[in-house]
Each structure stands twice: as C-alpha cells, then as structure tokens.
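Breakdown of the fold
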Amino acid sequence: MTHGTDDIDSTYGTFGNGRMSRPQAEPHYNLKMFGEVVKTFRKRARLTQDEFATLVRYSLETIASIEQGRRLPPPDFPERADSVLDAFGVILAAAKHLTRRKGLASWFRQWALLELGALSLYTYECRLIPGLLQTPAYARTLFADQLPPLDDEQIEAQLAARLERQELLRNRPNTAFTFILEEHLLLRQLGGEEVTRELIDHILDLSELRNVDIQIMPLVRHHHAGLDGPMQLLETPEHQWFGYLEGQKYGQFLSDPKVISALQMRCASMRSQALSLDDSKSLMRRMRGAR
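Predicted, not measured: the structure shown is a model, and the values here were computed from it.

What about the overall build of the protein chain?
Within the protein chain, the regular secondary structure consists of 13 helices and six strands. Taken over 291 residues, the protein chain has a buried fraction of 53%.

Some words on unusual backbone geometry
Going from L147 to P148, the amide bond is cis rather than trans, its omega being -5°. Following the sequence through the fold, P148 ends up in the loop between α7 (136-144) and α8 (152-166). In this model, F88 sits at a positive phi of 60°, which is unusual for a non-glycine residue. Along the chain, the position of F88 falls in the loop between α4 (77-85) and α5 (90-95).

Here's the deal with α7
By the burial criterion, the buried members of α7 are Y138, A139, T141, L142 and F143. Its buried side turned inward, α7 meets α8 and α11 (193-207).

So, the packing of aromatic side chains
Overall, the coordinates contain six aromatic pairs when judged by the stated rule. Ring geometry for F52 versus F77: centroids 6.1 Å apart, planes at 75°, classification edge-to-face. Of this pair, F52 sits in helix α2 (residues 49-56) while F77 sits in helix α4; the two residues are 25 residues apart in sequence, bridging distant segments of the chain. When its relative accessible area of 0% is taken as the criterion, F52 is described as buried. Accessibility expressed as a relative area gives 0% for F77, which makes it buried. In textbook terms, an aromatic cluster arises when at least three aromatic residues are bridged by ring pairs, as seen for F52, Y58 and F77.

Side note on the confidence of the model for the protein chain
Mean pLDDT over the protein chain stands at 85; residues scoring 70 or higher make up 85%. Note on residues 1-15: pLDDT under 50 across the span, and 120 contacts to partners over four residues away in sequence or across chains.

A look at the pairing of strand β6 (residues 251-254)
Sheet analysis places strand β5 (residues 241-246) next to β6, joined by four bridges and oriented antiparallel. From the neighbouring strand, L245 faces β6, where its bridge partner is Q252. Counting the residues that bridge the hairpin from β5 to β6 gives four residues.

Quick notes on α4
Among the residues of α4, F77, P78, A81, D82 and L85 are the ones counted as buried. One face of α4 carries all of its buried residues, which in axial projection span an arc of 125°. Exposed residues pointing more than 90 degrees away from the buried face of α4 are listed as E79 and S83. Taken together, the buried residues of α4 touch α1 (31-44), α2, α3 (60-67) and α5. Taken from the residues just after α4, D86 is the one with a positive phi, measuring 50°.

Re the packing of α2 against α4
Close contact between α2 and α4 brings their axes to 10 Å; oriented N to C, the two are set at 115°. The two elements α2 and α4 meet at a crossing, and its hand is right-handed. The segment α2 lies against α4, with F52, L55 and V56 engaging F77, R80, A81, V84 and L85. Of the residues contributing to the contact of α2 with α4, the split by class is seven nonpolar, no polar and one charged.

Things to note about the pattern of salt bridges
Overall, the coordinates contain 14 salt bridges when judged by the stated rule. Among the salt bridges present, the one from D213 reaches R271, with a minimum N-O distance of 3.8 Å. Taken together, the residues D213 in strand β3 (residues 212-217) and R271 in helix α12 (residues 257-273) connect sequence positions 58 residues apart. Salt bridges linked by common partners bring E125, R127 and E246 together as one network.

Quick look at the pairing of strand β1 (residues 120-125)
In terms of burial, β1 is largely enclosed, as six of its six residues are buried. Both faces of β1 are covered, namely the face carrying S120, Y122 and Y124 and the face carrying L121, T123 and E125. Pairing between β1 and strand β4 (residues 231-235): five bridges, direction antiparallel. Opposite Y124, over in β4, you have M231 as the bridge partner.

Quick look at the nonpolar core
Counting residues in each nonpolar core, the largest one holds 36 residues, and the members touching the most others are I129, L133, F179, L181, L186, I203 and I214. Here this core gets six residues from one element, more than from any other, and that element is α11. Core analysis: the second largest hydrophobic core is formed by 20 residues, F41, A53, I66 and I91 among them.

Analysis parameters
Residues numbered from 1 in each chain as written. Predicted model: local features only at pLDDT ≥ 70, side-chain atom pairs only at ≥ 80, totals over all residues. Heavy atoms only, no water. Helix = DSSP H or I, 4+ residues; strand = E, 2+ residues; numbered from the N terminus. Buried < 20%, exposed > 50% of the residue type's maximum accessible area, 1.4 Å probe, protein only. Contact = heavy atoms within 4.5 Å. Phe/Tyr/Trp six-rings, centres within 6.5 Å; stacked < 30°, edge-to-face > 60°. pLDDT = per-residue confidence, 0-100. Pairing = 2+ DSSP bridges. Arc of directions from axis to C-beta. Axes fitted to C-alpha atoms, helices over the stretch in contact; angles between N-to-C directions. Left-handed = near helix turned anticlockwise from the far one by under 90°. Nonpolar A, V, L, I, M, F, W, Y, C, P; charged D, E, K, R; others polar. Salt bridge = Lys/Arg side-chain N within 4 Å of Asp/Glu carboxyl O. Core = buried A, V, L, I, M, F, W, Y, C linked by side-chain atoms within 4.5 Å.

Shown next, in the form of structure tokens:
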C-alpha cells in the first residue's frame, strides 16, 4: 500500500502533483458556510452529531468534518440531511453553491473529496515530488515550465490551491500519510540547487510529523514493484479503499477491488524495498550536506 490531496468525479488542486495540460479555473466555494448551515439545522432538530450521523448513515468523523468546513459532502449527503433535518430545501440549495475554487482542476475533484476525509493516504512517485510535499519555489518551477504557458494570475491561483491542499498534513493529525519517493527526484535539482536544498529541508521537517512517513527508493535497486508508474491509494472513514493514477492530461479514479488489491500488494512490496524511515532521513541529510 502507498499514500499518498473532494467530490466523487476526479479534482482539487490544480493537479495532483504538478504539471499537466491547463486546468479549468472554477469559482470560489465556501465549505465553512455550508457546514454552519448543516450544524444550525441539526441543532434546531435537537440532534447530537452522533445521532445525526446514524440517521444520515455516515460516520461521526464525516459529519464533524462537514460541519467544520474541512471537506465537501458526499454526493447524496445534502438530500439525506435536508430530509432528516426537515430543512425546507435550504441544505439542498446551499449545496448547489459548493463549486470549486479558482485554480482547481475538475479532473482531480473526486480524489480530493476523498482525500479530505481519508484515514490513510499512500503515494508512490517517480516523476516529481508529490504536491503535498512541495515547497512554493518547487511548485512555481513546475507551473512556470508548463506548456502551453500559464500567465501570472493562473500561476498564483494554482500555487494558492496547492498550498491550501498541503494543510491536510498538519490539519489531519489522525490521518496516516505515507510517501515513497525515488531518490532521483532529489538528484535532479529541479529549479536549481537552492530550490532543492530548501525542498530537502522541507521534506525532512515534514518527516518529523507523527502522521507522516517518508521513504526513499534508492537509485540502485535490483527488484522494484513500482515500475508501472506512480500511484495513490486511500482508505475512507467507512474503510473503503480507492486508487488514483495520474497521466499527463487526466487522472484515473479506481474503485475495482481487484485493481485496488493489486496496487496494495505492489505498495506493500515497495515499502519493503525502499530504505527504512531512518535510513531515508539519513540519506536526505547527506544529500543536503553535499550541496
């Protein structure tokens, strides 16, 4: 199993990690306002979050996340909530305004919705540093190098979306994040030596978080279970597993249990093939010191 950023159909940050064809910008949305609407009607009905969760058939954690404005509601939640709370259609109406924020690409939406409430996220990357681990300078390099070129406003919108998505690492201390990164991603020096030095420092800092595990797949490895390319897996609060594969122009959302099982086996194998957590930190420190 590997990692591993919203709605069941495929977006959130501009793209999962970095470059791709130009995303479509979408309007601002306000999760916190929607959460307040739900909470107000729940309290009006004199229901606790636990009681409400049972009635709408979602976990307590999901309800808490929605009311706190930390995640988009699942597609059928507004209708269930409006019915249970006798909300006069207000919750359904409010849900129609949960559109994407400028700088977020529609093809990553399904994964990002799930990402916001995941119990665990696994990511294996061999092309570039995953979006959740990028520094602003590294991300800017990716955006500036994109073809067709982006203008300044598009770059700033995408950077803002990327940084907002990264808040997951610190805002969800009970979510387990696991990353497997190829060593060559740091040797490439994308953006230059200073950008790489800052990037390594940033990844080392994140690796000290209790909910973040980062392993390096060494440059020389005689057996490698991840040669089919990058992948992401996540577990929902309902203990369902989903996968996500990212190409140059689109992302592929995976839910077939057989496919998920195969990806889990590959990721479990890669975790044993990569350097241990301590050895990965030691390698990054040596790379940092050599620059």
